[in-house]
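So the chains spell out like this:
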Amino acid sequence: MGKTGTGPERPVLEARDLTVTYGGAAVLDRVSLALPVGPYGLGLIGESGSGKTTLARCLLGLVAPTHGTVLLDGVDIARIRPPRAFRRAVQIVVQDTEGALDPRMRVGAAIAEVLRAHRLVPRGTEHARVAELLADVGLSAEHAARFPHQLSGGQRQRVAIARALAVRPRCLVLDEPTSALDTTVQARILRLLGALRAEHRLSCLLISHDLLVVERFCRHVAVLQHGRIVEEGLLADVLRTPRHPATRRLRDAVPRLPAAPRSSHASPDPPR
Amino acid sequence: MTRGTGSGRTALVLVTAGVALVVLVALLAPVLAPYPADATGGTETARILRPPSAAHWFGTDELGRDVFSRVLYGARVGPVVAVAVVTVSLLVGTATGLVAGYFGGWIDEALMRLTDVFLAVPALLLALVLATVLTPGPVGLTVALTVTWWPWYARLVRGEAASVAGRPYTEACRALGLGHRRTLLRHVLPNASTPLLVQASTDVGGVLLVTSALSFLGLGPQPPTPDWGLMVEQSQNYFTTQWWIGTFPGLAIMLVAALFFLLGDVLRDRLDPRHTPGIRP
Amino acid sequence: MTAAPLLELRDVRVSFGPEPAEPVLHIGELMLRRAEFLGVTGQSGAGKTTTGLTVLGLTRHAGARVTGSIRLAGEELVGMPERRLRRLRGSVMALIPQNPAAAFSPVLPVGTTVLRALRLHGCTRAEARHRAAAGMERVGLPAEYLTRFPHQLSGGQLQRTAIALASALGVRLLVADEPTSSLDVTAQARICALLAELRAAHGTAVLFVSHDLALLAGLCDRIAVLHRGRVAEDRPAAELVTAPRADCTRALLAAVPGRAGEGGGEGYGYGDG
């Protein structure tokens with residue numbers, strides 16, 4: 001299907017025929033999805049209750065599918081040894097900025113802990129790397145000493161991103177990373193994610209109910225409804241001629257500003 | 001409104017000082033006590049059942065022993081048993097509850113049924129049995145109470161751990177590849193422990209009351225151990241005429257129990273990190 | 001055409017903390033006419049939510065001091081006794097909160113909450129039941145949903161139930177505090193359509209607090225932009241979004257993704273393409 005871009009794209013992370021049932025009801029129904037290596041990203045959109053978050057948790061190996069497999073570089077993630085190797089490759093950033101960080105741990109310690117668990121830096125040098133990671137996401141080294149409740153939502157999300165990047169993953173699953181944030185903060189976080197994606201050569205799966213967010217971040221999109229992928233393709237095509245009513249609904253529900261006389265604000269994510 | 005300032009801090013300082021005083025008294029009883037715990041008046045009837053005076057602040061008992069000295073030495077019996085019971089119960093209960101709550105599933109099921117079995121053991125009966133099998137004393141008392149006390153902590157911790165295990169940051173630990181042991185000890189335990197520490201410090205007071213009651217019934221330390229509960233029991237015959245023999249050890253039980261209840265309250269207010277003043281960005 | 005506005009704020013100052021405190025909110029003038037939709041926006045901490053809560057007289061509970069004048073249908077709300085205010089909330093004005101579950105007791109069927117509110121404002125039992133059912137019908141939900149508990153309804157359905165209640169009560173002013181920010185876009189569109197219907201049917205005015213300028217632009221007649229607790233700009237919506245005057249408005253506009261006719265999607269690329 002409409003895969004354009006640079007040469008043959010082999011998927012880095014792939015869901016094959018995923019089915020997840022809870023108490024008889026199928027939350028995911030034979031979902032297949034491939035996240036290609038490369039800068040263009042894949043967006044996954046759907047209404048609440050369509051199974052987006054369950055799919056994200058499956059891709060991270062946090063939920064075992066009832067049926068089907070998740071593959072990293074063609075290998076079933078359940079068979080990757082040591083399991084930690086998979087964690088090094090794929091990371092997630094979730095919507096709940098407040099819940100994703102341990103309220104009792106200073107954010108610097110939370111990041112250092114990941115470095116230590118994976119033995120990523122020599123013992124004793126963690127705090128230097130923590131400062132580096134915080135700087136990468138636009139925070140200062142002083143923020144390391146704060147507790148999550150002493151940070152704003154946007155700052156907490158930056159910390160969560162820094163923590164995910166600590167293991168130097170190749171793949172990032174972004175599950176509604178900006179939905180809990182104000183528009184201005186949302187724009188800043190998306191811009192940051194765009195820059196980090198380019199810098200660290202991340203393959204990103206962006207999950208959202210908001211087409212506008214996906215639109216500025218991904219070239220391809222898949223639409224999930226009632227646990228099934230109902231449409232996928234190039235985002236521009238899908239937006240222009242949606243084939244499924246769910247897609248049309250999602251597209252038309254998005255509030256848009258009337259065209260502005262000046263267009264200088266139009267692309268907040270200048271490519272690097 | 002409890003902020004980490006003002007009256008909250010004063011209460012903490014006072015209660016901590018009180019607890020420190022009890023610990024000091026227990027440690028330094030031989031130095032502080034004006035008389036040895038079991039120094040009797042011998043055959044001198046003039047020194048038995050004396051009311052409080054400058055020489056004997058709390059008076060003397062039926063054997064002419066200095067009640068003040070015995071109350072000081074008593075800090076080495078009842079409170080020590082109470083702290084031991086709570087500490088051992090905490091260790092066993094926390095380990096069980098953490099594992100059950102965090103892993104869930106059949107592990108949870110098995111551990112919780114085991115806990116129920118222990119909960120069904122009547123403390124009093126077990127103490128009686130142990131007193132008959134072993135010789136009655138502080139060790140038997142500690143064992144009997146611990147066996148019946150830890151399941152409460154296991155249940156409490158299990159509930160907390162299960163709720164913490166369901167929070168996004170615990171899942172984040174898994175996603176980050178942190179490993180079960182690290183997650184359990186560094187994330188689940190600290191977040192599940194606030195109600196636990198509060199409960200435990202309150203319980204020291206409660207267990208002290210129970211141990212005192214059991215030794216009052218003769219199931220704990222035996223004479224001539226200077227145990228507060230035992231002292232109250234032995235003062236029964238004299239209570240109407242020589243009130244001081246039972247009143248001072250009774251007061252000691254009450255004060256120390258109240259102190260630990262207060263400690264629980266103060267800890268509840270202090271242990272929440274959200275009480276550190278927010279630095280707003 | 002009535003000349004007098006439904007809601008009129010003049011020199012309203014809201015401050016917290018000890019006496020000589022700088023007000024966190026200072027509104028020189030803000031007006032809302034019958035059947036008018038006023039959007040209130042601004043960055044986090046600009047005072048959007050405080051504005052909404054102050055109008056409802058709810059900041060008092062948080063220990064705020066409010067001075068100045070807030071007139072609702074000619075009645076002065078500042079300094080009004082709490083009992084009288086409580087009667088106004090629910091009969092003349094109502095709140096649609098951000099977290100829809102917050103408006104309903106978790107241990108009661110939503111219908112019980114609705115019926116209690118209606119009876120509190122003077123309906124007989126039969127009348128209340130009839131009005132509640134009619135309200136549910138108006139928002140496109142089956143009346144059986146009144147027997148469900150809050151956790152059995154989705155966020156969008158709860159929000160619609162709250163609107164059904166407001167319409168059954170016949171309130172003239174709705175304060176909607178980020179009513180759709182916990183919902184997905186399609187649920188959001190449905191809520192907005194319902195509010196518009198409510199206005200057409202009853203002439204209800206809405207004070208719509210949101211951080212989403214694009215949403216406000218499509219829904220509201222006027223938009224007031226708050227900046228550090230002051231009104232930076234208060235103009236017709238279409239004008240404000242196409243020709244912003246204040247810097248903070250421009251900053252908010254710049255953050256809105258994908259303006260119509262300017263296809264987005266330029267954000268990706270490793271820079272090697």
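Refer to the structure presented above.
## Details of the overall build of chain C
Piece 1. A tally of regular secondary structure across chain C gives nine helices and ten strands.
Piece 2. Relative to the 2.2 N^0.38 estimate, which gives 19 Å for 273 residues, the radius of gyration of chain C is 19 Å and therefore close to what a compact globule would have.
Piece 3. Principal-axis analysis of the C-alpha atoms places the extent of chain C at approximately 65 × 50 × 40 Å.
Piece 4. Expressed as a percentage of its 273 residues, the buried residues of chain C come to 54%.

## Some remarks on the overall build of chain A
Piece 1. A count of helices and strands for chain A gives nine helices and ten strands.
Piece 2. Taking 272 residues into account, the globule formula puts the C-alpha radius of gyration at 19 Å, and chain A, at 19 Å, falls close to it.
Piece 3. Across chain A, contacts joining residues at least 24 apart in sequence account for 70% of those joining residues at least 6 apart.
Piece 4. When the accessible surface of chain A is totalled, it reaches about 11,000 Å², and 51% of it is carbon and sulfur.
Piece 5. The averaged location of the 26 negative side-chain charges in chain A is 3 Å from the averaged location of its 38 positive side-chain charges.

## A short note on the sheet that holds strand β8 (residues 203-208) of chain A
Residues and elements named next belong to chain A.
Piece 1. The sheet built from six strands is open, its strands ordered β6-β7-β8-β3-β9-β10 with mixed pairing. Each edge of the open sheet is held by one strand with a lone partner, namely β6 (90-93) and β10 (228-234). Between one strand axis and the next, the sheet turns through 15 degrees on average, direction left out of account.
Piece 2. Bridge count between β6 and strand β7 (residues 171-175): four bridges; the pairing is parallel.

## Focus: the nonpolar core
Residue and element names in this part refer to chain B.
Piece 1. Core analysis: the biggest nonpolar cluster contains 57 residues, and V71, V86, Y153, V188, V207 and W228 have the highest contact counts within it.
Piece 2. If you list the elements that add at least two residues to this core, you get α1 (6-32), α2 (67-74), α3 (78-103), α5 (123-133), α6 (138-165), α8 (180-216), α9 (228-234) and α10 (244-270).
Piece 3. Of the residues forming this core, the biggest block, eleven residues, is contributed by α10.

## With respect to the sheet that holds strand β6 (residues 93-96) of chain C
Residue and element names in this part refer to chain C.
Piece 1. Within the open sheet, the six strands sit side by side as β6-β7-β8-β3-β9-β10. Their pairing is mixed. Either end of the sheet is taken by a strand with one partner, and the two such strands are β6 and β10 (230-236). Recorded for the sheet is a direction-independent mean angle of 15 degrees between the axes of neighbouring strands.
Piece 2. Note that strand β9 (residues 222-227) and β10 share six bridges and pair antiparallel. Note on β10: the bridge partner recorded for H227 is R230.

## What to know about the pairing of strand β9 (residues 220-225) of chain A
Residues and elements named next belong to chain A.
Piece 1. Extensive coverage of β9 is indicated by the burial of six of its six residues.
Piece 2. Residues H220, A222 and L224 of β9 are buried on one face, and the alternating residues V221, V223 and Q225, pointing to the opposite face, are buried as well.
Piece 3. Where strand β3 (residues 42-45) lies against β9, four bridges are found, and the strand directions are parallel. By the bridge assignment, L42 is partnered in β9 with H220.
Piece 4. Sheet analysis places β9 next to β10, joined by six bridges and oriented antiparallel. Paired with A222 across the strands is E232, a residue of β10.
Piece 5. Taken together, β9 and the strand that follows it, β10, pair antiparallel across an intervening segment of two residues, in which H226 is found at a positive phi of about 45 degrees.

## Let's talk about the interface of chain B and chain A
Piece 1. Each partner contributes to the interface: chain B provides 26 residues, whereas chain A provides 30 residues.
Piece 2. For the pair chain B and chain A, the two sides together bury roughly 2,500 Å², of which 51% comes from carbon and sulfur.
Piece 3. Seen at the junction of chain B and chain A, the total is two salt bridges.
Piece 4. The interface formed by chain B and chain A contains 13 residue pairs in polar contact (both at pLDDT 80 or more).
Piece 5. Looking at the side of chain B that touches chain A, the elements that each hand over two or more residues are α7 (168-175) and α8 of chain B.
Piece 6. Among the residues making up the side of chain B that touches chain A, the classes are represented as twelve nonpolar, seven polar and seven charged.

## Some points on the environment of B:F260
Piece 1. Residue position: B:F260 is located in helix α10.
Piece 2. Linking B:F260 and B:L197, residues 63 residues apart in sequence, is a C-alpha distance of 11 Å.

## Some details on the packing of aromatic side chains
Residues and elements named next belong to chain B.
Piece 1. Counted by the stated rule, this structure contains seven aromatic pairs over all chains.
Piece 2. An angle of 85 degrees between the planes, with centres 5.0 Å apart, marks the rings of F58 and F68 as edge-to-face. One end of the pair, F58, is in the loop between α1 and α2; the other, F68, is in helix α2, and ten residues separate them in sequence. In this structure, F58 and F68 share a single accessibility class: buried.

## Considering the pattern of salt bridges
Where charged atoms from two side chains of opposite charge approach closely, those side chains can pair.
Piece 1. Under the counting rule described, the total for this entry stands at 36 salt bridges over all chains.
Piece 2. Here A:R170 ties to A:D73 by a salt bridge, and the two come within 3.0 Å at their closest N and O atoms. Pair noted here: A:R170 is in the loop between α5 (153-165) and β7 and A:D73 is in the loop between β4 (67-72) and β5 (75-76), with a separation of 97 residues, a long-range link.
Piece 3. Note on A:R170: relative accessible area 38%, which makes it partly exposed.
Piece 4. Among the salt bridges present, the one from A:E231 reaches A:R243, with a minimum N-O distance of 3.8 Å. Here A:E231, found in strand β10, pairs with A:R243, found in the loop between α8 (235-240) and α9 (245-253); they are twelve residues apart in sequence, far enough to count as distant.
Piece 5. A:R243 gets classed as exposed once you look at its relative accessible area, which sits at 61%.
Piece 6. Linked through salt bridges whose partners overlap, the residues forming this network are B:E109, B:R113, B:D116 and B:R155.

## Describing unusual backbone geometry
Piece 1. That bond from A:R81 to A:P82 is cis: its omega, -10 degrees, falls within 30 degrees of zero.
Piece 2. Here B:P223 and B:P224 are connected by a cis peptide whose omega angle stands at 10 degrees.
Piece 3. Residue placement: B:P224 occurs in the loop between α8 and α9.
Piece 4. Although it is not a glycine, A:D73 adopts a positive phi angle of roughly 50 degrees.
Piece 5. The exposure class of A:D73 is partly exposed, given its relative accessible area of 36%.
Piece 6. You will see that A:H226, though not glycine, has its phi angle at about 45 degrees, which is positive.
Piece 7. Along the polypeptide, A:H226 turns up in the loop between β9 and β10.

Conventions we followed
Residues numbered from 1 in each chain as written. Chains lettered and ligands numbered in written order. Predicted model: local features only at pLDDT ≥ 70, side-chain atom pairs only at ≥ 80, totals over all residues. Heavy atoms only, no water. Helix = DSSP H or I, 4+ residues; strand = E, 2+ residues; numbered from the N terminus. Rg over C-alpha atoms; globule rule 2.2 N^0.38 Å. Buried < 20%, exposed > 50% of the residue type's maximum accessible area, 1.4 Å probe, protein only. Contact = heavy atoms within 4.5 Å. Areas by Shrake-Rupley, 256 points an atom, 1.4 Å probe, with all protein chains shown as cover. Lys, Arg positive; Asp, Glu negative; His and termini not counted. Charge placed at Lys NZ, Arg CZ, Asp CG, Glu CD. Pairing = 2+ DSSP bridges. Axes fitted to C-alpha atoms, helices over the stretch in contact; angles between N-to-C directions. Core = buried A, V, L, I, M, F, W, Y, C linked by side-chain atoms within 4.5 Å. Buried area = accessible area lost by both parts, 1.4 Å probe. Salt bridge = Lys/Arg side-chain N within 4 Å of Asp/Glu carboxyl O. Polar contact = N/O pair within 3.5 Å; in protein donor to acceptor, adjacent residues only side chain to side chain. Nonpolar A, V, L, I, M, F, W, Y, C, P; charged D, E, K, R; others polar. Phe/Tyr/Trp six-rings, centres within 6.5 Å; stacked < 30°, edge-to-face > 60°.

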